[in-house]
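Per-entry structural report
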Amino acid sequence: MSKKYHIDLDESINCETVLLPGDPGRVEKIAAKLEQAEFLGQHREYTTWRGKLEGKNLLVMSTGMGGPSTAIGVEELIQLGVKNFIRIGTCGGMDLEVKGGDIVIAQAAIRREGTSREYLPLEFPAVANLELTNALVKAAENLNLPYHVGVVHCKDSFYGQHSPETMPVAQQLLTEWESWLRAHTLASEMESSALFSVCQVRGVKAACVLQTIWNQEREKEGLVEEKYTGPNQGIDVALEAVKLLQQA
């Protein structure tokens with residue numbers, strides 16, 4: 001079996017479902033919640049562990065930050081037989097109803113990144129798979145966690161969002177941000193729309209669960225808002241969702 005160039009894995013992974021944190025440092029923490037967890041390797045931004053969840057193989061692989069590395073990793077995993085992709089990430093809240101610590105489940109994503117444009121025209125929406133998304137919703141309910149389901153904003157530039165006034169295109173960035181807010185966009189992150197687009201084109205399933213760290217818009221409005229510093233509860237939501245899908 002030949003290993004894929006970027007992720008350094010081959011078909012011996014024998015997994016149909018993968019959990020995708022962005023941060024390589026989060027992979028082992030997720031794997032620690034599995035049975036028979038084993039380290040498979042690390043290459044570039046892709047750190048991979050495999051374990052079992054209620055007797056079935058489950059892969060955990062980091063994607064790094066942003067659309068390009070996410071798309072590369074997902075493409076190569078698809079070539080190795082993976083069919084279900086669940087992103088576990090973090091986000092910044094946007095809608096005033098979203099508080100630091102809340103779970104956000106992305107039903108769809110604003111394609112404000114560049115990677116998905118090499119897969120689909122902009123008119124084509126980036127939408128999560130309904131079956132996987134419903135499992136995430138049920139999982140959040142089972143765990144009694146505050147959650148929101150809806151559209152998220154997906155970007156390429158972290159500082160283009162957080163320091164837009166320092167950019168030569170400041171007016172464009174600020175105007176667009178106001179549009180997303182008026183449309184009740186839930187949160188902002190960096191990988192979901194590329195993930196959804198690649199999986200749509202390749203005929204596999206994708207979903208995304210996010211832990212809200214902080215909502216700058218609530219702070220601007222003088223609402224009570226504290227930065228969330230606890231564990232990523234999206235991990236527990238994703239694992240519970242996988243269990244539900246396996247039991248179906």
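Let us look at the structure shown here. Note that the coordinates shown come from a computational prediction; the quantities given were computed from them, not determined experimentally. (Residues numbered from 1 in each chain as written. Predicted model: local features only at pLDDT ≥ 70, side-chain atom pairs only at ≥ 80, totals over all residues. Heavy atoms only, no water.)

Quick look at the packing of aromatic side chains now. Under the definition given, this model contains two aromatic pairs. When the centroid spacing of 5.0 Å and the interplanar angle of 80 degrees are considered together, the rings of Phe 158 and Tyr 159 count as edge-to-face. Note on Phe 158: relative accessible area 38%, which makes it partly exposed. (Phe/Tyr/Trp six-rings, centres within 6.5 Å; stacked < 30°, edge-to-face > 60°. Buried < 20%, exposed > 50% of the residue type's maximum accessible area, 1.4 Å probe, protein only.)

With that settled, the discussion passes to the side chain of Ser 116. Mapped onto the fold, Ser 116 is located in the loop between β6 (103–112) and β7 (126–127). Only 2.5 Å separates the side chain of Ser 116 from the side chain of Glu 113, close enough to count as a polar contact. Aside from chain neighbours lying at most four places away, what touches Ser 116 is Arg 111, Ser 193 and Ser 197. (Helix = DSSP H or I, 4+ residues; strand = E, 2+ residues; numbered from the N terminus. Polar contact = N/O pair within 3.5 Å; in protein donor to acceptor, adjacent residues only side chain to side chain. Contact = heavy atoms within 4.5 Å.)

For Thr 115, the position within the fold is in the loop between β6 and β7. On the basis of relative accessibility, which here comes to 13%, the residue Thr 115 falls in the buried class. Here Thr 115 is in contact with Gly 67, Pro 68, Ala 71 and Ala 194, once residues within four sequence places are set aside.

Before going further, it helps to examine the pairing of β6. Within β6, eight of the 10 residues are buried, which leaves it mostly tucked inside the rest of the structure. In terms of strand pairing, β6 meets strand β8 (residues 147–155) through nine bridges, oriented parallel. Bridge pairing links Arg 111 to Cys 154 in β8. Taken together, the three bridges between β6 and strand β10 (residues 205–215) define a ladder with antiparallel strand orientation. Following the sheet pairing, Ile 105 is matched in β10 by Val 209. (Pairing = 2+ DSSP bridges.)

It is worth spelling out unusual backbone geometry at this point. Even without being glycine, Asp 8 reaches a positive phi, approximately 60 degrees. The topology assignment puts Asp 8 in the segment before β1 (17–21).

With 14 residues, helix α8 (residues 234–247) extends 20 Å between its outermost C-alpha atoms, agreeing within 8% with the 20 Å of an ideal straight helix rising 1.5 Å per residue. Of the positions making up α8, those classed as buried are Gly 234, Ile 235, Val 237, Ala 238, Leu 239, Glu 240, Ala 241 and Val 242. (Expected span 1.5 Å × (residues − 1).)

As a further point, take the nonpolar core. Core analysis: the largest hydrophobic core is formed by 35 residues, its most contacted members being Leu 77, Phe 85 and Phe 196. Looking at this core, the elements with two or more residues in it are β1, β4 (56–61), α2 (67–79), β5 (84–93), β6, β8, α6 (192–202) and β10. Not counting chain neighbours up to four residues away, the residues in contact with Leu 77 comprise Ile 7, Leu 9, Ile 13, Val 18, Leu 20, Leu 59, Met 61, Val 82 and Phe 85. Of all hydrophobic cores here, the second largest spans 28 residues; its members include Ile 86, Ala 135, Leu 136 and Val 237. (Core = buried A, V, L, I, M, F, W, Y, C linked by side-chain atoms within 4.5 Å.)

Here strand β2 (residues 35–43) runs beside strand β3 (residues 46–53); their pairing, made up of six bridges, is antiparallel. Looking across to β3, one finds that Gln 42 is bridged to Thr 47. In this structure, the hairpin formed by β2 and β3 is closed by a connection of two residues, where Arg 44 is found at a positive phi of approximately 55 degrees.

A few words now on the pattern of salt bridges. Should their charged atoms come close, side chains of opposite charge can pair. Using the criterion set out here, one finds 10 salt bridges in the structure. Close ionic contact of Glu 176 with Arg 112 constitutes a salt bridge, the shortest N to O distance being 2.7 Å. Placement of Glu 176 in helix α5 (residues 170–182) and of Arg 112 in strand β6 is noted, with a sequence separation of 64 residues between them. According to the relative accessible area criterion, Glu 176 is partly exposed, its value standing at 21%. The exposure class of Arg 112 is partly exposed, given its relative accessible area of 26%. Because the salt bridges share partners, they merge into one network encompassing Arg 87, Glu 189 and Glu 191. (Salt bridge = Lys/Arg side-chain N within 4 Å of Asp/Glu carboxyl O.)

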